[in-house]
Amino acid sequence: MLDQFRDIKINVKAGITVALISVPIAISLAIVWWATPMMWLLSGAWSGVLAAIFCSSRHNAFGPAGSLAGILLPITVAYGVMYLPLLAVISGMFILIFWALKLTKYLTLIPGVSLQWFLLGIGLIIWLEQIPALLWLDLSYSLPEVVSNISQTNLLAVAVFAITLGILNFCRRYTPAVPGAIVVTLLWIAIGKYAQAQGLDLYLLMNEYTDVTFSLFAGFDWRAYMETLRDMDTLRVMISAWVGVWVIALLETLISAKIAMKETRISYDPQREVYGLWLTNILTGLVWGIPVSALVPRTTVNISTWATTRLSGLLIWLFTGIFSAFFFTNALQFLPFAVVAGILVDIAIGMVNVSFYHKLWKVEKNSIAVVLLVWAICYLWDPIIGILIGTVIALLSVVRRAMRADLMVNVFRDWHHIQKLPLSDYKKNGKIWDLLVIKLEGELNYLTIDSHRDAMQNIEKADRIVLWFGYTSIIDLDAQEELEHLIAKRIKQGKEVYITWLRQKNLNIMKHGTIYHQLLADGRIYDSKSALLEKLLG
C-alpha cells in the first residue's frame, strides 16, 4: 500500500513538472509557427493523454515538437493556421498506413545521424527566427530586413533576452532539479504585470494575441479545405508537408522511446508506439490541434523526475489543461516576447547534441561539411529536402564503409602458425612458401565483393591459399562470379587454392560455377578447416 502511494506521489510530481515546463514552451513554439498559443496548449493536453493510453513506453512524453517548425512555418505563413489541423489528420493517416503495413522495422535504415543534422538545421532556424523578437523589431521581418532596420533595436528587449537566457543556463547547470522555463516564466509574468500597471512597454504577448480564451475542443471542418486543395500547386506543397511530418514524427518518437529505454532499462514496443502516434495525430487534429510527436527533452524530464508508470503521462495532460486554462487567460498574456525568444533559443541550443558533433569532429571531420550543407538547405530551401539529402548522404556513407574490406589472414610457415594480421600487411612481408588462410566474413554481395577482389589481388607470396567461409553469411551471384574469376587467376599463377567450411546455402550458389567443380574434382574442397590444415601441414 505504501509502495503504491509512493508511486502515485512520484508520478504526480513528474506530471506537474512536465506540465509546468510544457505550458511556457508551448506558448513560445506557437509563436515560431505563427500559430495560436491555444492550438499548442490544446494539442499538448490531448496528445499527452492519448499517448499515455495507447503507446507502450511508460515515459515517452508527446506534444507539438520544435523539430517540425521548419516544415509547418511555411504552411502557416502561406495558407494560415487553419491548415495545421488538416496536416495533423493527414499525417496521422500516412502513419496509420505505415503501421498497418508493419514497416516500422525499416525505419532503422534511416541513420540517426541524419536526424542529428536535421535537428541542427531546425535549431539554427529557430535561433534566427527569434532575432526580430529579441531586438524588439517587427516579428514578420526576414533576416535581411532585420539587418536594414538594426538601428531600431531596443536595448531593453536585448537585456530581457540576455537575462532570460542567463537564468535558463544557470538553472540547467547548477539547479537541474528546478526547471528554468518555470522560473523565467513566473518571474517575467510578475515583472510584465507590474510594467503594464506602471505604463511601461515591454512588448507583451497581449500586444499580439488579444484572444486568450482556452478550450479543450475547437472543431474540424473538412469543407473549409476543399476549395483550396483543388489547386495543384497548393496540393503539392501540402503533400510535401504531410510526408515531412510523417517521417520526422516517426523518427523522433522512436528515438525518444529508445532513449527512455536506455535510461530506464524498461522495454517498449516500436509498433505500438507508431500505433499511438497515428491515433494521437488524427484525434488531435480533429479537435483543432496540430501535428505532434514524442519529445526527447520532455521525455528526459519525465525520466529525471522518476516517473514510474504511464500515470505520469495522464497527469501531464490533466495539469497542462489546468495550468493552460488558468495561466493562459490570467497570467501568460503578461509574458514579454523577448522572454519567449530566450526560451526558444534555449530550446534551439538543446537541439544541438554537442557531444555528437565533438565525436564527429574527432572521427569524421569531412562530415562537418555535410552538416553545414544540410543546415543551409534547411534554411535556404526546404527542411524536407534537407533531411532527405542528409539521409541519402548518410546512407551512401554507410554503404561506402560497408564496401571496405580489410581481410584478416592466418599465416602458416614451416608447418607452424606464425601470426594473424591484415592481408594488406601480409603482402609486404610474406614468403613464397607460406600457407595463407583468408577469412571471408559477413555478406559477399554486389556491394562488398569489389573491395574483397581488390584486397585479394596481387598476392605474389604464398603458394597455397585457403579461402575460409566460416563466417560468411551469404554469397550472391555477383560475388560467386567474382570469386570464380579470382580463384581461376590464382590457379593460373600456379598457386594451390582450397575452399573450406561453406554453408549449405552458399554451397548451392558456388555449385553454379565451373571452378568449384574443378576444385572438387582435385580434392580441394573441405567441410572442416582443421582437417584441411592437418593434411596441408602434415
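Values in this document were obtained by computation on a predicted structure and should not be read as measured data.

1. Describing the overall build of the protein chain
Counting its regular elements, the protein chain contains 24 helices and 8 strands. By the burial criterion, 51% of the 538 residues in the protein chain qualify as buried. Intrachain contacts of the protein chain at a sequence separation of at least 6 include 80% that bridge at least 24 residues. With an accessible surface of roughly 25500 Å², the protein chain has 63% of that area assigned to carbon and sulfur atoms.

2. Here we look at the sheet that holds strand β6 (residues 464-475)
Pairing in this open sheet of 6 strands is mixed, and the strands run β4-β3-β5-β6-β7-β8 from one edge to the other. Single-partner strands in this sheet number two, and they are β4 (416-422) and β8 (525-526). Bridge analysis of strand β3 (residues 408-413) against β4 gives 6 bridges, and the strand direction is antiparallel. Looking at β4, one finds that asparagine 410 is bridged to lysine 420. Along the sheet, helix α21 (residues 477-492) contacts β5 (435-444), β6 and β7 (496-500); its crossing angle with β6, the most-contacted strand, is approximately 180°.

3. Considerations on the pattern of salt bridges
For the coordinates displayed, the defined rule picks out 6 salt bridges. Here aspartate 454 and arginine 453 are joined by a salt bridge, their closest N and O atoms 3.3 Å apart. Between glutamate 482 and arginine 453 there is a salt bridge, with the nearest N and O atoms lying 3.8 Å from each other. On the criterion of sequence distance, the pair formed by glutamate 482 in helix α21 and arginine 453 in helix α20 (residues 449-456) is long-range, its members being 29 residues apart. Take arginine 453: its relative accessible area is 21%, and that puts it in the partly exposed class.

4. Structural notes on the packing of aromatic side chains
Counted under the stated rule, the structure contains 11 aromatic pairs. With 5.9 Å between their ring centres and 70° between their planes, phenylalanine 98 and tryptophan 246 make a pair best called edge-to-face. Here the residue phenylalanine 98 occupies a position in helix α4 (residues 83-100), and tryptophan 246 occupies one in helix α11 (residues 232-264), the gap between them amounting to 148 residues. Centroid distance tyrosine 275 to tryptophan 278: 5.4 Å. Interplanar angle 90°. Geometry classified as edge-to-face.

5. Things to note about the environment of alanine 133
Within the secondary structure layout, alanine 133 lies in helix α6 (residues 131-135). Along the primary structure alanine 133 and tyrosine 203 are separated by 70 residues, whereas in three dimensions their C-alpha atoms are 9.1 Å apart.

6. Brief notes about the packing of helix α8 (residues 155-174) against helix α15 (residues 337-351)
The packing of two helices is summarised by the inter-axis angle and the distance between the axes. Two numbers describe how α8 lies on α15: the axes approach to 8 Å, and their chain directions differ by 40°. By the angle between their directions, the pair α8 and α15 is classed as oblique. Once α8 is placed against α15, the crossing between them reads as right-handed. Residue-level contacts link Ala157, Val160, Phe161, Thr164, Leu165, Leu168 and Arg172 of α8 to Ala338, Val339, Ala341, Gly342, Ile343, Val345 and Asp346 of α15. Residues that form the contact of α8 with α15 fall into these classes: 10 nonpolar, 2 polar and 2 charged.

7. Topic: the pairing of β7
Burial analysis of β7 places 4 of its 5 residues in the buried class, which makes it a mostly covered element. Strand direction decides the pairing type here: β6 and β7, joined by 5 bridges, are parallel. Residue valine 466 lies in a different strand from β7, and its bridge partner there is tyrosine 498. Regarding topology, α21 serves as the crossover connection from β6 to the parallel β7, and that connection is right-handed. Looking at chain direction, β7 and β8 are connected through 2 bridges and run parallel. Each residue of the ladder has a partner; that of isoleucine 499, found in β8, is isoleucine 525.

8. Quick look at helix α16 (residues 354-363)
Because the α-helix completes a turn every 3.6 residues, residues three or four places apart line up on one side. Of the residues making up α16, those classed as buried are Phe356, Tyr357 and Leu360. Looking straight down α16, one finds its buried side chains confined to an arc of 90°; they lie on one side. Residues of α16 that are exposed and angled more than 90 degrees away from the buried face: Val354, Lys359 and Lys362.

Reading the values: rules and limits
Residues numbered from 1 in each chain as written. Predicted model: local features only at pLDDT ≥ 70, side-chain atom pairs only at ≥ 80, totals over all residues. Heavy atoms only, no water. Helix = DSSP H or I, 4+ residues; strand = E, 2+ residues; numbered from the N terminus. Buried < 20%, exposed > 50% of the residue type's maximum accessible area, 1.4 Å probe, protein only. Contact = heavy atoms within 4.5 Å. Areas by Shrake-Rupley, 256 points an atom, 1.4 Å probe, with all protein chains shown as cover. Pairing = 2+ DSSP bridges. Axes fitted to C-alpha atoms, helices over the stretch in contact; angles between N-to-C directions. Salt bridge = Lys/Arg side-chain N within 4 Å of Asp/Glu carboxyl O. Phe/Tyr/Trp six-rings, centres within 6.5 Å; stacked < 30°, edge-to-face > 60°. Parallel < 35°, antiparallel > 145°, perpendicular 65-115°, else oblique. Left-handed = near helix turned anticlockwise from the far one by under 90°. Nonpolar A, V, L, I, M, F, W, Y, C, P; charged D, E, K, R; others polar. Right-handed = clockwise from strand over helix to strand, strands pointing away. Arc of directions from axis to C-beta.

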